[in-house]
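Report on the structure
So the chains spell out like this:
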Protein chains: 2
Amino acid sequence: MSTNADMRGLLESGIPFAARTGLKAVKLDRENIELLMPLTPNINHIGIMYAGALFTLGEMMGGAVALVYLFEHSLIPIVKSFSIKFVKPGTTDITTSYAMSAEDVKRIIAECEEKGKADYSIQLELKDKTGLVVAVTDGLYQVRPQKK
Amino acid sequence: MSTNADMRGLLESGIPFAARTGLKAVKLDRENIELLMPLTPNINHIGIMYAGALFTLGEMMGGAVALVYLFEHSLIPIVKSFSIKFVKPGTTDITTSYAMSAEDVKRIIAECEEKGKADYSIQLELKDKTGLVVAVTDGLYQVRPQKK
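About the criteria used
Residues numbered from 1 in each chain as written. Chains lettered and ligands numbered in written order. Predicted model: local features only at pLDDT ≥ 70, side-chain atom pairs only at ≥ 80, totals over all residues. Helix = DSSP H or I, 4+ residues; strand = E, 2+ residues; numbered from the N terminus. Rg over C-alpha atoms; globule rule 2.2 N^0.38 Å. Buried ≥ 20, exposed ≤ 12 C-beta atoms within 10 Å, placed from the backbone. Contact = placed C-beta atoms within 7 Å. Core = buried A, V, L, I, M, F, W, Y, C linked by C-beta atoms within 7 Å. Expected span 1.5 Å × (residues − 1). Nonpolar A, V, L, I, M, F, W, Y, C, P; charged D, E, K, R; others polar. Least-squares fit on C-alpha atoms with pLDDT ≥ 70 in both. Axes fitted to C-alpha atoms, helices over the stretch in contact; angles between N-to-C directions. Parallel < 35°, antiparallel > 145°, perpendicular 65-115°, else oblique. Left-handed = near helix turned anticlockwise from the far one by under 90°.

**Focus: the overall build of chain A**
Looking only at helices and strands, chain A features four helices and six strands. Going from N to C terminus, chain A has its helices and strands arranged as α-α-β-β-α-β-β-α-β-β. Taking 15 Å as the expected radius of gyration for a compact globule of 148 residues, we find that chain A reaches 15 Å, a close match to that expectation. Referenced to the eigenvectors of the C-alpha coordinate spread, the extents of chain A come out at roughly 50 × 25 × 25 Å. For chain A, the residues scored as buried account for 38% of the 148 residues in total. Taking as baseline every contact in chain A between residues at least 6 positions apart, the subset at least 24 positions apart corresponds to 67%.

So this is what it looks like as structure tokens:
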């Protein structure tokens, strides 16, 4: 895992469930991570984006954060809890972006070295192509060193 | 929408996202609704059920409840918010069951007639085939009369 293409492949295809949604890793830089969920394959019974696709978009940010900032330290994430509030109907492709501070990265790595695990939480706004917030999310994740 | 087979078709195939997970409506009776999420198409990066499949299993109960108890009154559901706590790894097919009380059904129908909408919340335990709780969920839904 050293190239951006490797990370994109893992995020977009590593979990079959996520791959089937058409999730795209638009940007995977330490300065900014941006993920996109396409509308068309994910419409629901009333023609807007299904709640589970919005959940997946938000939830996968935890994995993207682990890949971009923590994978080089062989730390593997799981999600512990997640809440999502649906604010407006999602009627276009939906995006979300996030950047983790250098202080947070440092704290997580140090905590993993000391205690064998570390938690981090991620709050997101999921936006349509006009910038309208369609959902807000709050996810709690835990990383642990990869088993050898 | 009068037969059990019609409801099963809508739940398992009505939303392409849910259909791709392989979600099954095991039971759709007023006495008890049971939904099942299969493991195999929904494994994640560490070989257990992906969080989004557990979300979908829990979230779709809101739709199943609307179909079983409220669709004959032409009430259509949306989900307003949803939280999920991941308790144990999901390593088998996962099921969840729920029944709405006659009092709740009556209250929702009356509220829709009076105010044009009604909320209901559903708390669930998602269990593996040994009965172990792998996740708990809390969803808030709203139904409104179908637009003519």
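Continuing now.
**Focus on the nonpolar core**
Judged by nonpolar contacts, the single largest core of 86 residues is most densely connected at A:Leu54, A:Leu57, A:Ala64, B:Leu54, B:Leu57 and B:Ala64. With near-sequence residues (within four places) excluded, B:Ala64 lies in contact with B:Leu11, B:Ala25, B:Leu28, B:Ile33 and B:Leu35.

**Considering helix α4 (residues 102–115) of chain B**
Residue and element names in this part refer to chain B. Taking 1.5 Å of rise per residue, 14 residues should cover 20 Å, and α4 covers 20 Å from first to last C-alpha, within 8% of that figure. Of all 14 residues making up α4, only one are buried, and the element is barely covered by its neighbours. Within two residues after α4, Gly 116 carries a phi angle of roughly 85 degrees, on the positive side.

**Considering the interface of chain A and chain B**
Contact with chain A, which involves 28 residues of that partner, is made by 28 residues of chain B. Listing elements by their share of the side of chain A that touches chain B, those giving two or more residues are α2 (16–21), α3 (51–70) and β3 (75–86) of chain A. The greatest single-element share of the side of chain A that touches chain B, amounting to nine residues, is contributed by β3(A). Grouping the amino acids of the side of chain A that touches chain B by side-chain chemistry returns 15 nonpolar, nine polar and four charged.

**Section: the relation of the copies chain A and chain B**
Structural alignment of chain A on chain B gives an RMSD of 0.0 Å, achieved by rotating through 180 degrees and translating 0.0 Å along the axis. With respect to symmetry, the two chain copies, as superposed, fit the operation of a two-fold axis. Closest approach to the rotation axis within chain A is made by the C-alpha atom of A:Ser83, at a distance of 2.0 Å. The fraction of interface residues of chain A whose copies in chain B are also interface residues reaches 100%, indicating that both copies meet through the same surface.

**Re the packing of helix α1 (residues 4–13) of chain A against α3(A)**
All names here are of chain A. Axis separation between α1 and α3 bottoms out at 11 Å; the angle between their running directions is 155 degrees. Taken together, the axes of α1 and α3 are roughly antiparallel relative to one another. You can see that α1 and α3 cross each other, and the crossing is right-handed. Along its contact with α1, which presents Met 7, Leu 10 and Leu 11, the element α3 presents Met 60, Gly 63, Ala 64, Leu 67 and Val 68. Along the lines of polarity and charge, the residues of the contact of α1 with α3 split into seven nonpolar, one polar and no charged.

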